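Next come the chains, spelled out residue by residue.
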Amino acid sequence: MKYKFSVEDDVVSLKYKDKEFTFKTNVKLISEMQGLVMKARIQMIQDMAKEGQTIKDLTIETKKDGKTYYDNSNKAELEKIYQEKVTLEFFNKKCEDIFGMDIAGLMQDIGLSTEEEGNQFSNDFISYLSGNIPR
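This section reports on the structure supplied with the text. These figures come from a predicted structure and were not determined experimentally. (Residues numbered from 1 in each chain as written. Predicted model: local features only at pLDDT ≥ 70, side-chain atom pairs only at ≥ 80, totals over all residues. Heavy atoms only, no water.)

## A word on the pattern of salt bridges
(1) Moving on: Within the structure shown, the criterion is met by ten salt bridges.
(2) Moving on: Measuring nitrogen to oxygen at the nearest pair gives 3.7 Å for the salt bridge that ties K85 to E89. Of this pair, K85 and E89 both sit in helix α3 (residues 73-99), four residues apart, roughly one helical turn.
(3) Moving on: Overall, E89 belongs to the partly exposed group, its relative accessible area being 40%.
(4) Moving on: It is possible to trace a salt-bridge network through shared partners that takes in K28, E32 and K94. (Salt bridge = Lys/Arg side-chain N within 4 Å of Asp/Glu carboxyl O. Helix = DSSP H or I, 4+ residues; strand = E, 2+ residues; numbered from the N terminus. Buried < 20%, exposed > 50% of the residue type's maximum accessible area, 1.4 Å probe, protein only.)

If you want it as C-alpha cells, here you go:
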C-alpha cells in the first residue's frame, strides 16, 4: 500500500513514503460537510437567478393522454454538478489546511497514478475526515 491512515486517541495519521501528517475531526468539520449539499443548491439557485432563471426552468412539462408529466432530470443533473464542484472545493481547502497542498498534489506526492487509486484515497480521506473510521 502506498499510504496508510491510522487513528489513535481521536488523532488521524496519514503516512506515506517518509512523511506523516496528523489531523483531528471535530463537530464543526462534520457539520460543514453535512452542509455541502445545501451550499451547492444555494449556489446553483443564485447562479441561475443571475441569469434570470429559476429552478422551474429546468423542469420539462409534457402533456400526454390528458395527463401532465414533469421531467426533473435536468435539475437533478445540474444539482449533481454543483454538489461535485462544492465538495471538491471543500476537500481541496481541507487538504491545503492539513497537508499544505491540494488533493491532486497530495495524490501525486503519494504516488497514486490510477483513477482507481485516486478514488480509493479520496473515499478513505473523506471517511477519516468525517469520523467514519473503517473498522
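## Quick word on helix α4 (residues 103-110)
Note that an α-helix has 3.6 residues per turn; residues three or four places apart therefore point the same way.
(1) Moving on: By the burial criterion, the buried members of α4 are I103, L106, M107, D109 and I110. Viewed along the axis of α4, the buried residues span an arc of 160 degrees, placing them on a single side of the element. Exposed side chains of α4 directed beyond 90 degrees from the buried face belong to A104 and Q108.
(2) Moving on: Residues of α4 that are buried make contact with β2 (11-16), β3 (19-24), α3 and α5 (115-129).
(3) Moving on: Following α4 by one or two positions, G111 has its phi on the positive side, about 100 degrees. (Arc of directions from axis to C-beta. Contact = heavy atoms within 4.5 Å.)

## Thoughts on the nonpolar core
(1) Moving on: Of all hydrophobic cores here, the largest spans 30 residues; its most connected members are F5, L14, F99, L106, F121 and F125.
(2) Moving on: Mapped by element, the contributors of at least two residues to this core are β2, β3, α1 (27-34), α2 (36-50), α3, α4 and α5.
(3) Moving on: Tallying contributions element by element places α3 first for this core, with six residues. (Core = buried A, V, L, I, M, F, W, Y, C linked by side-chain atoms within 4.5 Å.)

## Considerations on the pairing of strand β5 (residues 67-71)
(1) Moving on: Bridging between strand β4 (residues 60-64) and β5 involves five bridges; their strand directions are antiparallel. Bridged to K63 within β5 is T68.
(2) Moving on: If you look at the hairpin formed by β4 and β5, you'll find two residues sitting between the two strands, and D65 has a positive phi there, around 55 degrees. (Pairing = 2+ DSSP bridges.)

## Concerning the sheet that holds strand β1 (residues 4-8)
(1) Moving on: Read across the sheet, three strands follow the order β1-β2-β3 without closing on themselves; strand pairing throughout is antiparallel. Unpaired on one side and paired on the other, β1 and β3 mark the two borders of the sheet. Within this sheet the neighbouring strands show an average axis-to-axis angle of 25 degrees, counted without direction.
(2) Moving on: Where β2 meets β3, six bridges bridge the pair, whose relative direction is antiparallel. From the neighbouring strand, K15 faces β3, where its bridge partner is E20.
(3) Moving on: The sheet strands contacting α3 are β2 and β3, and the helix crosses β3 at an angle near 115 degrees. (Axes fitted to C-alpha atoms, helices over the stretch in contact; angles between N-to-C directions.)

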